[in-house]
Amino acid sequence: QVQLAESGGGLVQAGGSLRLSCAASERTFSSYAVGWFRQAPGKDRVFVAHMDATGWSTTYTDSVKGRFTISRDNAKKTAYLQMNSLKPEDTAVYYCAAYPRGGIYHDSQYLYWGQGTQVTVSS
């Protein structure tokens, strides 16, 4: 069982930046791919980014390409989501997840989840 804890959310003006962190409780985290999802008010939780266990392969949803960067430091058991050029439509609760099975784009495919961190982008 791996516990995940997100941090780094907050209120930022449009055009600003935030870096989210996802700290894992177990060293086995380094063996798992990791994903970031977000859920805006009244909407479903949707895929944002994914990185494989090695850190060599990344995938992003189109709306964040060129603005968001996923990374990980397995020695620190931590994954990150660097978010630049933030827009009001990026406002959501952001979740990290680990150990996807059968795919990477749907939240049902991930075994472990954090509690989420709120990101609010003002215009």
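Quick caveat: nothing in here was measured; it's all calculated off a predicted structure.

Quick notes on the rules
Residues numbered from 1 in each chain as written. Predicted model: local features only at pLDDT ≥ 70, side-chain atom pairs only at ≥ 80, totals over all residues. Heavy atoms only, no water. Salt bridge = Lys/Arg side-chain N within 4 Å of Asp/Glu carboxyl O. Helix = DSSP H or I, 4+ residues; strand = E, 2+ residues; numbered from the N terminus. Buried < 20%, exposed > 50% of the residue type's maximum accessible area, 1.4 Å probe, protein only. Disulfide = S-S within 2.5 Å.

S.K.: When you look at the pattern of salt bridges in this model, what are you seeing that I'm missing?
M.R.: Opposite charge on two side chains lets them pair, provided their charged atoms get close. Counted according to the given criterion, the structure contains 4 salt bridges. Here Asp-90 makes a salt bridge to Arg-38, at a shortest N to O gap of 2.9 Å. Here Asp-90 is found in the loop between β8 (78-83) and β9 (92-100), whereas its partner Arg-38 is found in strand β4 (residues 34-39), with 52 residues between them in sequence. Across the pair, Arg-38 and Asp-90 agree in class, each one buried. As a salt-bridge pair, Asp-62 and Lys-65 come within 3.0 Å of each other at their nearest N and O atoms. For Lys-65, a relative accessible area of 48% gives the class partly exposed. Shared partners join several salt bridges into a network, and the residues in it are Arg-38, Arg-67 and Asp-90.

S.K.: What should I look at first to understand the state of the cysteines in this one?
M.R.: As enumerated under the stated definition, the model contains 1 disulfide in all. One disulfide in the model links Cys-22 with Cys-96; its S-S distance is 2.0 Å. Sign of the S-S torsion, about 65 degrees for the bond between Cys-22 and Cys-96, identifies this disulfide as right-handed. Pair noted here: Cys-22 is in strand β3 (residues 18-24) and Cys-96 is in strand β9, with a separation of 74 residues, a long-range link. The pair formed by Cys-22 and Cys-96 is uniform in burial state, with each residue classed as buried.

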